[in-house]
Amino acid sequence: MTLGSGYRYLMASVARGDAGGLTSSPLAAYYSEPGTPPGRFVGSGLSGLDGGRGIVSGSTVSEEHLWRMLGMLQDPVTGHSLGRAPGAERAAYVDALKRERKAPQTVAGFDLTFSAPKSVSVAWGLADEETRRRIYAAHIAATEFVIGYAERNVFATRTGRGGVVSEDVRGVMAAAFDHWDSRAGDPQLHTHVVVFNRVQAVSDGRWRTLDSKALFRASVGLSELYNGVLADLVTRDLGYGWDPERRRHSPVEKWEVAGVGEALRAEFSQRTTEIDAAKDLLVADFVNAHGRQPTPREVLQMRQRATLETRPPKELKALGELARHWRARAQPFVGDAAQAWAATLAGRNDLPLLWAGDLAEAMLEEAARVSLEIVSGKRSTFTRANVFAEALRQIQGVRFASPDERTVVAERITALGIGQAVALTPPDLGYVPDELRRPDGSSRFRPRDSELFTTQALVDAEERLLAAGRAVDGPAVDEANAAAVRTVDLPGRDHPLSAEQASAVCRVAASGRVLDVLVGPAGAGKSTAMAGIRAVWESQHGPGSVVGLAPSAAAAEVLSEAVGVPTENTTKWLAEAARQPARLVELDGLRAALDRASPTLRTRTLMRRARQLSDDIDRWRLRPGQLVIVDEASMSGTFELDSLTAYARTAGAKVLLVGDWAQLSPVAAGGAFKLVVTDRGDAPELLDVRRFRHEWERDASLRLRLGAKGVAGEYVRQGRVRGGDRESMLDELFANWTDDVSAGRRSLMVAADTATVADLNRRARAYAVAEGRVAESGVTVGDGSVIGVGDLVVTRQNQRDLGSSGWVKNGDQWVVTRVGRDGSLRLRRDSGGGVAHLQAEYISAHVELGYATTAHRAQGRTVDTTHAFVTATTMREPLYVMATRGRECNMLYVDTAYDPDASSSHEAPATVDPTILLEQVLVRSGDDLSATETRAREQAHHNNPARLAAEGAAITTATRARLRHMESEGRAAVREVRGSAFRPSLLLPLKTVPRDSARWQSIITHGPDRGV
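Residues numbered from 1 in each chain as written. Predicted model: local features only at pLDDT ≥ 70, side-chain atom pairs only at ≥ 80, totals over all residues. Heavy atoms only, no water.

The name given to the chain in an unreviewed UniProt entry is TrwC relaxase domain-containing protein, and the organism recorded there is Terrabacter aerolatus.

Here you go:
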């Protein structure tokens, strides 16, 4: 929250006429009175306010208090500046592109929003007053417990040159504001805890800013802790039970109150806003007036009009009025007696409330093993905070007797997990005085939970890959053969390789490397080069000597079409290769049985099984001299590439990794492709971008790939960037995509997140239904979308026993031709040819609308035009992928008013210039670095001369402060012994010893006899 912002929206919903004082029982008072309770002060850092007299926790936050905190960075009571006063407001300026830029703004606070799970909010909203009060009390207790935990373990400030010293703080001061509903009016119990960006360091009591990096590192773990503690408290008080539920696009389970069904939760998870409602009315008026549905561009104009017309302040409603409205909406799901239904949720828990000592050490060790396995499976490197968050997830289904018991168990699991990890951050081996150490002995030069770790298994895998990349005893092609093939037309094509492609092909084919690489940015002709490699390789090693693999089955199919060789999903190939030993054992047994068998029906069965096993063994094995091409290798996990390379080395084959390290990383631990490329130093690389029609875009895409400064402005100058709020941008994106499709262009709608893809899909379907091209009725799938005849859909899980003309793959696109009464679907491939009949169970879990796509699914595709949605959370890699799919045009639609928490925020976010936002995206990389590269970076940071100088300065400052303190104590001791009989014996050594020496202090402390 920037200086001077935020306080108005926090005060806007507060019921007028609220008096000061404590706000301990707000629910009853606000059941009939419009608005929400006034804010209340929380945090142990309140003791340092009001000139050291402190503020009572729970006392009311007035508008003046909040303005002083967020608007002036002052003590809310006295108005005195806390720490460095904010400087004079810097003026806006005009940049080199003649655009007006806003000046950087001071951060005044952080809005930590604690929002109850939807099932808890629904139960709270429909329950009787007493039950509602108890759920609210549990929510408040959970919120305050997490804030207290963060004060002890997360919140920190920085001191010293460049903030080199991480200081513990005397707690935080915050204002908590409770709210009852979401922006759409659904029950959503949540509290905004606004943490003031001023804290007192434990070391000297001076006011400084919070270390925001420490807060962001811990945010996921704090969220998981709140969810667990809330569940414990609600269960302890009301006996609620909890059920785990799978998320559609995440392996992480979510826990909901037992008995609050998915349909009821969906009813209270609306996203409709006042602007949406106003736009829908304008659309209805248009249909009545014109007798047809408006075009997407006309809908865009209506939204712009609705935005201008929907300006009145939000009407405050009493909690009682909200509850009556919620009960009416819940009636189709729970009947007329909503409160009676809510009462049935109590007493469903059948789990004991455990204490930390109830869990055996072996159970904690197993939880630690699983936590470490999950965390290290997702990323190559991790922090303690990552393991702590996963440990909390592992015990989310366990009910504890108190919040402290939960944290004790989670901390123990985390410690056991970290104990099995490998530290990548070098230890502080230099001298660190006690003043710069925490009570637990750790160095303050290291912020809490900032150290990076990995696993020994990953380190070993990376070392094996590096060794394979350096080994040159693999199969190869004679340079003469390679040179001869590269000059003729490629098989099935009417052109040869370009000079750049031919050079890369010859280098790969003749290198003799066991593990080789070919790097190429988007549109540089990697597919053509792979076809050339296949021709060159088969010229010496014969037909069938090239095998293709890719991260997904759909990508493998694209690779097969481009290169003309058998291909497979890498995961599938590795799974089948791992079964080879079992197949060989079974085949040996069958052969032994057949040697003694007489001609019978059983013998025929054994012979058929033996032939099948023999075919499978031949299909899933590698042979000497084979070349395995792995396309989109940057999306392959480290362990996958290690296993594949091991199979190849054993068989005498060669592995070629083809891809671009600047594109998307795998969902598993990755970074191996870039590691091998960087280790080479001279890796074959294609840089001649051929995809784009416009010359400027070829150069600009390469600069975009590297996040070059100023490239965002180039896209703006070329008219490729549009900016506005989310809904306006999605409407414009959809309208332009519709125009392209209507004009016969192959066009993509693409976004980095699944929620936006779902929004775009809903727009596309609604328009198709209005046009009469798609049936309005159909089957409802897992994300709540309806799919009917005519819809374009995508399958999301491989199913090899379904479909004709190719099996059903993850990422396949289909058109619905029939909807069965049993919820089944008849599909035909969007590309023509091939049908599939899918059952309801598969459809519910693995079928989605397919008009829009994610960046991950778009990687590797080439179309005519692309329309991409960009937000403040987009990383450089997905932006690069989204901006390079189209030959003719790639448009970027930038959400310049991004709202990170749209459901519970209460004020329109500030707008950002689209060019500035794109520049911020380009400097933020989300690629998964290998453990080897991370260790090198950590070591370089540790040995950075500027850092070492800053640490030395901090040590000097701490030492001088200690000596000044010693000298002061020494003078006091001298004054105390004056006139004493022992005075001469004490003063004599003092006169002969330098006052800044250790011996001088020793004499003062222990006396002349022991002072040595």
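Alright, that's what it looks like, and here's the rest.
Draft legend 1. Broad picture of the overall build of the chain. Counting its regular elements, the chain contains 36 helices and 31 strands. Taking the intrachain contacts of the chain between residues at least 6 apart in sequence as the baseline, contacts between residues at least 24 apart amount to 71%. For the chain, the exposed surface amounts to about 45,400 Å²; the carbon and sulfur share of it is 52%. (Helix = DSSP H or I, 4+ residues; strand = E, 2+ residues; numbered from the N terminus. Contact = heavy atoms within 4.5 Å. Areas by Shrake-Rupley, 256 points an atom, 1.4 Å probe, with all protein chains shown as cover.)

Draft legend 2. Inspection of the packing of aromatic side chains at higher detail. Counted under the stated rule, the structure contains eleven aromatic pairs. Measuring from ring centre to ring centre gives 6.5 Å for Phe110 and Phe216, while their planes differ by 80°; the resulting arrangement is edge-to-face. You can see Phe110 sitting in strand S4 (residues 109–115) and its partner Phe216 sitting in helix H6 (residues 212–238), a full 106 residues away along the chain. What makes Phe110 buried here is its relative accessible area of 13%. When its relative accessible area of 53% is taken as the criterion, Phe216 is described as exposed. Where Trp573 meets Tyr647, the ring centres are 5.8 Å apart and the plane angle is 80°; that geometry is what we call edge-to-face. (Phe/Tyr/Trp six-rings, centres within 6.5 Å; stacked < 30°, edge-to-face > 60°. Buried < 20%, exposed > 50% of the residue type's maximum accessible area, 1.4 Å probe, protein only.)

Draft legend 3. Inspection of the side chain of Glu877 at higher detail. By the secondary structure assignment, Glu877 is in helix H31 (residues 876–882). The side chain of Glu877 sits in the buried core without any salt bridge; Arg876 is the nearest counter-charge, 4.1 Å away. Reaching out from Glu877, the side chain makes a polar contact with the side chain of Ser925 at a distance of 2.6 Å. Residues contacting Glu877, with those up to four places away along its chain left out, are Ala662, Gln663, Leu664, Arg924, Ser925, Gly926 and Asp927. (Lys, Arg positive; Asp, Glu negative; His and termini not counted. Salt bridge = Lys/Arg side-chain N within 4 Å of Asp/Glu carboxyl O. Polar contact = N/O pair within 3.5 Å; in protein donor to acceptor, adjacent residues only side chain to side chain.)

Draft legend 4. Main features of the sheet that holds strand S7 (residues 174–181). Taken in spatial order, the four strands line up as S1-S7-S8-S4 in an open sheet, and their pairing is antiparallel. Each edge of the sheet is formed by a strand with only one pairing partner; in this case those strands are strand S1 (40–42) and S4. Across the sheet, the mean angle from the axis of one strand to that of its neighbour is 30°, orientation sign disregarded. Here seven bridges tie S7 to strand S8 (residues 187–196), and the two strands are oriented antiparallel to one another. Across the sheet, the residue bridging to His179 is His190, located in S8. Together, S1, S4, S7 and S8 form the strand contacts of helix H5 (residues 129–153), whose direction differs from that of S8 by roughly 30°. (Pairing = 2+ DSSP bridges. Axes fitted to C-alpha atoms, helices over the stretch in contact; angles between N-to-C directions.)

Draft legend 5. Quick peek at unusual backbone geometry. At Asp50, a residue that is not glycine, the phi angle is positive and equals roughly 55°. With respect to the element layout, Asp50 can be found in the loop between S1 and helix H3 (63–72). Accessibility expressed as a relative area gives 15% for Asp50, which makes it buried. The residue Glu632 is not glycine, and still its phi comes out positive at about 50°. With respect to the element layout, Glu632 can be found in the loop between strand S18 (627–630) and helix H23 (638–651).

Draft legend 6. The packing of helix H12 (residues 361–378) against helix H14 (residues 403–419), seen in detail. Relative to each other, H12 and H14 sit at 65°, their axes nearing to 8 Å. In this structure, H12 meets H14 at a crossing whose hand is right-handed. Facing Glu361, Leu364, Glu365, Ala367, Ala368, Ser371 and Leu372 of H12, the residues of H14 in contact are Val409, Arg412, Ile413, Leu416 and Gly417. In terms of residue class, the contact of H12 with H14 is built from seven nonpolar, two polar and three charged. (Left-handed = near helix turned anticlockwise from the far one by under 90°. Nonpolar A, V, L, I, M, F, W, Y, C, P; charged D, E, K, R; others polar.)

Draft legend 7. Inspection of the environment of Val375 at higher detail. In this structure, Val375 sits in helix H12. By relative accessible area, which is 2% here, Val375 ends up buried. As a C-alpha pair, Val375 and Asn386 span eleven residues in sequence and 6.9 Å in three-dimensional space. Residues within four places of Val375 in sequence aside, it is in contact with Phe382, Asn386, Val387 and Glu390.

Draft legend 8. Spotlight on empty space enclosed by the protein. Within the structure shown, the criterion is met by three cavities of 30 Å³ or more. Taken as a whole, the largest cavity spans an internal volume of roughly 100 Å³. Taken together, 15 residues form the lining of the largest cavity, with Ser634, Ser665, Gly671, Lys674 and Asp928 sitting closest to its centre. A breakdown of the residues in the lining of the largest cavity according to their chemical character gives seven nonpolar, five polar and three charged. (1 Å grid on protein atoms, 1.4 Å probe; cavity = no way out; pocket = protein on both sides within 12 Å on 5 of 7 lines; lining within 4 Å. Points joined across faces, edges and corners; volume = space filled by probe spheres on them.)

Draft legend 9. Main features of the sheet that holds strand S17 (residues 567–569). The five strands lie next to each other as S15-S19-S18-S16-S17, forming an open sheet whose pairing is parallel. This sheet does not close on itself; its edge strands, each paired only once, are strand S15 (515–519) and S17. For this sheet, the mean inter-axis angle between neighbouring strands, taken without regard to orientation, is 25°. As judged from the four bridges shared by strand S16 (residues 546–550) and S18, these two strands associate in the parallel manner. Bridge assignment links Leu549 to a residue of S18, and that residue is Val630.

Draft legend 10. Representation of H5 in the model. End to end, H5 covers 36 Å across 25 residues, agreeing with the expected 36 Å (1.5 Å per residue, within 8%). Where H5 begins, the side chain of Asp128 points an oxygen toward the backbone nitrogen of Glu130, at a separation of 3.1 Å. (Expected span 1.5 Å × (residues − 1).)

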